[in-house]
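# Per-entry structural report
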There are 2 protein chains.
Amino acid sequence: MPRIAIIGTGAIGGYYGAMLAKAGNDVHFLLRNDYATVHENGIRVDFAKGENFTLYPVNAYKSSADIGVVDIVLIAVKATANDQLTDLIKPLIGENTWLVTMQNGMGNADHLAQLFGAERVLAAICFISLNRIAPGHIYNLFNGYLSVAEFQGTPSPRTAVLKKLFEDAGIKCDELPSLDETLWRKLCWNVPFNGLTIAAGGVTTDVIVNSEELSDLARKLMLELQSAAAAFGHTIPDEFIEKQFTLTRKMGAYKPSSLIDFLEKRPVEIEPIWGEPLHRGTAKNIPMPRLEMLYRLIKASCGKF
Amino acid sequence: MPRIAIIGTGAIGGYYGAMLAKAGNDVHFLLRNDYATVHENGIRVDFAKGENFTLYPVNAYKSSADIGVVDIVLIAVKATANDQLTDLIKPLIGENTWLVTMQNGMGNADHLAQLFGAERVLAAICFISLNRIAPGHIYNLFNGYLSVAEFQGTPSPRTAVLKKLFEDAGIKCDELPSLDETLWRKLCWNVPFNGLTIAAGGVTTDVIVNSEELSDLARKLMLELQSAAAAFGHTIPDEFIEKQFTLTRKMGAYKPSSLIDFLEKRPVEIEPIWGEPLHRGTAKNIPMPRLEMLYRLIKASCGKF
């Protein structure tokens, strides 16, 4: 049985870690602020649709050194904490340790590859709506799926192992031919919905899907991403874009993670969600006036000018 | 001596009315919320550069009927109150009464023309930075100039009279060949600076001029207006656009009127400043992606979706 470490036990790390542990896996959680609560009460997961559960006891740790070497590291810290990853991950790495980023946005796998070597790096891209509503308490608002991919190259024995691991824990999962393409696709949701909910003054996603003018703006942002992705050889079909609206309508009055970070004055993942696709797209001479504007407005709203 | 009524004694109406009255003109002020304060203490005008003064006593009125017929009506209510203008102006109108809009944005003169006939309508476009810092207390932060124009047609004996009236009161003033062109020019300031200060999360104008990325965004918005204005036969030179940045740098940490309205949860002049130029430009097939986005974000931020 693989030894698994969860780095960053927020909504994503807490949820997927708890699901894996509940299925009998050997999971070890690194926590900072929520350590005491989780150590004492475990991790509670509630579902809008599904059976609530509490994982208890939890293998909770305050430092990576206490966890020691593992087979799989699931990385779920905010990308704004990427500069701390060297220290957080080093003690976990053995000869064959896999590093799987579950983080939002573009550039995270590249960052891990730079730090620890590209051959270790995979990604598990989360299409799901989770909120951490209190320390150690996660709410699953909308159950989507997980896409696993190699950082470099096509599906491999490793992605097959990851897929089975998650599926055996009750998580819908697929393997993807290209991480890069998956990231562009995921940004088709994050760029407009995480972005416009902030830039429109702190609205929930239902305000966007219920307004013709804001939906049109969201769609135009997605089309800019579609053009940029195409410049890198990735096809994002129009139906995929329309599907984002159908999915989002089901979420109700959802607050994307970036909006929550913004409202609670925590660091927002500006560069991976808006900066990186803008820089990549404009480097290929793709006009992205709306993404550029959104990126700058969010930076300014976060006091970055 | 012409009998003058000021409709809307906020920053603009209070300032220009007080300047005219101080110079010996026969000026009558319509007030609502600030009536008691102004009746008791007069209108106080402070200057960043210039000699402060208080106009006292003030011909203050609670209703237009109490003012009666005048020769010149200076209209300085927020454009968001345009639906009240019929009642506010009717009692002031004699056979030859001039209606001079000093309001922000596009479409105000058109609205007056519809209500009272195009032949009565003129405009005095204010390039100035004023704040109403308390009831009956106005602060002149940056002294610009006034441009008077006929609603229809070129300078006339009437615009010459208005120009002299203002100049004799110590106000820099010029006559303009085209109201429409002047409005497009003024929007080159209002669209980006009133707009981005709101959409960037409530920053002052210095944040925009001090940031390369936000200045570039402001400039791109101005270039969209330049293209739209050109489609209507108006030339806005590049030097005019650059001058807006030079002027704004002198204003320091200025809060445009729309930002103040927004922060104080008062109605924002969304349609005249962003909606009207967008509708006019797109009707001529001018691509205005940034203005469209700004318009929609501000509408959403003001709870209009």
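Model, not experiment: these values are computed from the prediction. (Residues numbered from 1 in each chain as written. Chains lettered and ligands numbered in written order. Predicted model: local features only at pLDDT ≥ 70, side-chain atom pairs only at ≥ 80, totals over all residues. Heavy atoms only, no water.)

## A look at the nonpolar core
Heads up, the rule is: We define a nonpolar core as any set of buried Ala, Val, Leu, Ile, Met, Phe, Trp, Tyr and Cys residues linked to one another through side-chain atoms lying within 4.5 Å. For every residue, the accessible area (1.4 Å probe, protein chains only) is compared with the maximum for its type, and the residue is labelled buried under 20%, exposed over 50%, or partly exposed between those bounds. The contact rule is simple, with two residues in contact once any of their heavy atoms fall within 4.5 Å.
Counting residues in hydrophobic clusters, the biggest one holds 144 residues, and the most contacted among them are A:Val191, A:Trp274, A:Leu294, B:Val191, B:Trp274 and B:Leu294. Beyond its immediate stretch of four places on either side in the chain, B:Val191 contacts B:Leu196, B:Leu221, B:Leu225, B:Ile273, B:Trp274, B:Leu291 and B:Leu294.

## A closer look at helix α7 (residues 179-199) of chain A
Residues that lie three or four places apart on an α-helix share one face, since the helix turns once every 3.6 residues. Residue and element names in this part refer to chain A. Formally: A run of DSSP states H or I qualifies as a helix once it reaches four residues; a run of E qualifies as a strand once it reaches two. Both are numbered from the N-terminal end. Every helix has an expected span of 1.5 Å times one less than the residues it contains. Two axes enter the bend calculation: one fitted to the seven residues ending at the residue in question, the other to the seven starting there, and the bend is the angle between them.
Between its first and last C-alpha, α7 extends 28 Å over 21 residues, near the 30 Å set by a 1.5 Å rise per residue. Largest kink in α7: about 35°, centred on Leu187. The buried count for α7 comes to 19 of 21 residues, which makes it a mostly enclosed element. Just downstream of α7 lies Gly201, where phi reads positive at about 90°.

## Here's the deal with the interface of chain B and chain A
Where interface size is given, it is often the accessible area lost as the parts come together that is meant. For clarity, the cut-off: As used here, buried area is the combined drop in accessible area, with a 1.4 Å probe, of two parts when they are placed together. Salt bridges are identified by distance alone: a Lys or Arg side-chain nitrogen within 4 Å of an Asp or Glu carboxyl oxygen.
At the junction of the two partners, chain B supplies 24 residues and chain A supplies 23 residues. Together, B:Glu213, B:Met293 and B:Arg296 form the three largest contributors to the area buried by chain B at its contact with chain A, with a combined 30%. At the boundary of chain B with chain A, the tally comes to eight salt bridges. Notably, a salt bridge pairs B:Asp216 with A:Arg296, separated by 2.7 Å at the nearest N-O pair.

## Some points on the packing of aromatic side chains
Spelled out, the test is: A pair of Phe, Tyr and Trp rings is counted when the ring centres sit within 6.5 Å of each other, with Trp represented by its six-membered ring. The angle between the planes then sorts it: under 30 degrees is stacked, over 60 is edge-to-face, the rest tilted. Should the NZ of a Lys or the CZ of an Arg lie within 6 Å of a ring centre and within 35 degrees of the ring normal, that charge is described as sitting over the ring.
Across all of its chains, the model carries 18 aromatic pairs over all chains by this definition. Between B:Tyr15 and B:Tyr16 the ring centres are 5.0 Å apart and the planes differ by 80°, which places this aromatic pair in the edge-to-face class. Pair check on accessibility: B:Tyr15 and B:Tyr16 agree, each one buried. Ring plane angle 50° and centroid distance 6.2 Å describe the contact between B:Trp189 and B:Tyr254, whose orientation is recorded as tilted. Highlighted residues: B:Trp189 in helix α7 (residues 179-199) and B:Tyr254 in the loop between α10 (238-251) and α11 (257-263), separated in sequence by 65 residues. A relative accessible area of 11% means that B:Trp189 is categorised as buried. Residue class for B:Tyr254 comes out buried when judged on its relative accessible area of 5%. Put simply, the rings of A:Tyr15, A:Tyr16, A:Phe47, A:Phe53 and A:Phe166 touch in pairs and so form one group of aromatic residues. Sitting over the ring of A:Phe240, A:Arg185 keeps its end group 5.0 Å from the ring centre.

## Observations concerning the environment of B:Ala5
All names here are of chain B. Looking at the element boundaries, Ala5 is found in strand β1 (residues 3-7). Residues Ala5 and Leu99, spaced 94 residues apart in sequence, show a C-alpha to C-alpha distance of 9.8 Å. Leaving out residues up to four positions away in the same chain, Ala5 has contacts with His28, Ile67, Val70, Ile72, Val73, Leu74 and Leu92.

## Quick look at the domain arrangement of chain A
Residues and elements named next belong to chain A. To keep it simple, the criterion reads: Here the limits of each domain have been adopted from an automatic or database domain assignment.
Domains assigned within chain A are domain 1 (3-177) and domain 2 (181-302). Taking only C-alpha atoms, the centre of domain 1 and the centre of domain 2 are 24 Å apart. For the pair domain 1 and domain 2, the summed buried surface comes to about 2000 Å²; carbon and sulfur atoms form 62% of the total. A per-residue breakdown of the area domain 1 buries against domain 2 is headed by Asn104, Met106 and Phe142, which together make up 37% of the total. Here domain 1 and domain 2 share two salt bridges between them. One salt bridge in this structure joins Asp110 and Arg280, with 3.6 Å as the shortest N-O distance. Listed by contribution, the elements that provide at least two residues to the side of domain 1 that touches domain 2 are α5 (108-116), β8 (121-134) and β9 (137-150).

## Here we look at the pattern of salt bridges
Taken as a whole and judged by the stated rule, the model has 40 salt bridges over all chains. Note that A:Asp46 is salt-bridged to A:Arg44, the shortest N-O span being 3.0 Å. For A:Arg44, a relative accessible area of 39% translates into the label partly exposed. Between B:Glu213 and A:Arg296 there is a salt bridge; the shortest N-O distance is 3.6 Å. In this pair, B:Glu213 sits in helix α9 (residues 212-231) while A:Arg296 sits in helix α13 (residues 289-301), so the two residues belong to two different chains. You can call A:Arg296 buried: its relative accessible area is 10%. What you see here is one network of salt bridges that share partners, running through A:Glu213, A:Asp216, A:Lys220, B:Glu292, B:Arg296 and B:Lys299.

## Quick notes on the pairing of strand β3 (residues 43-47) of chain A
Residue and element names in this part refer to chain A. Put simply, the rule is: In this scheme, strands are said to pair when DSSP sees at least two bridges between them.
For β3, the buried fraction is high: four of the five residues fall into the buried class. Relative to strand β4 (residues 53-55), β3 is paired through three bridges, and the arrangement is antiparallel. When the sheet's bridge partners are listed, Ile43 is paired in β4 with Leu55. Between the antiparallel neighbours β3 and β4 lie five residues, among them Gly50 with a positive phi of about 140°. With four bridges joining them, β3 and β9 adopt parallel strand pairing. By the bridge assignment, Phe47 is partnered in β9 with Asn140.

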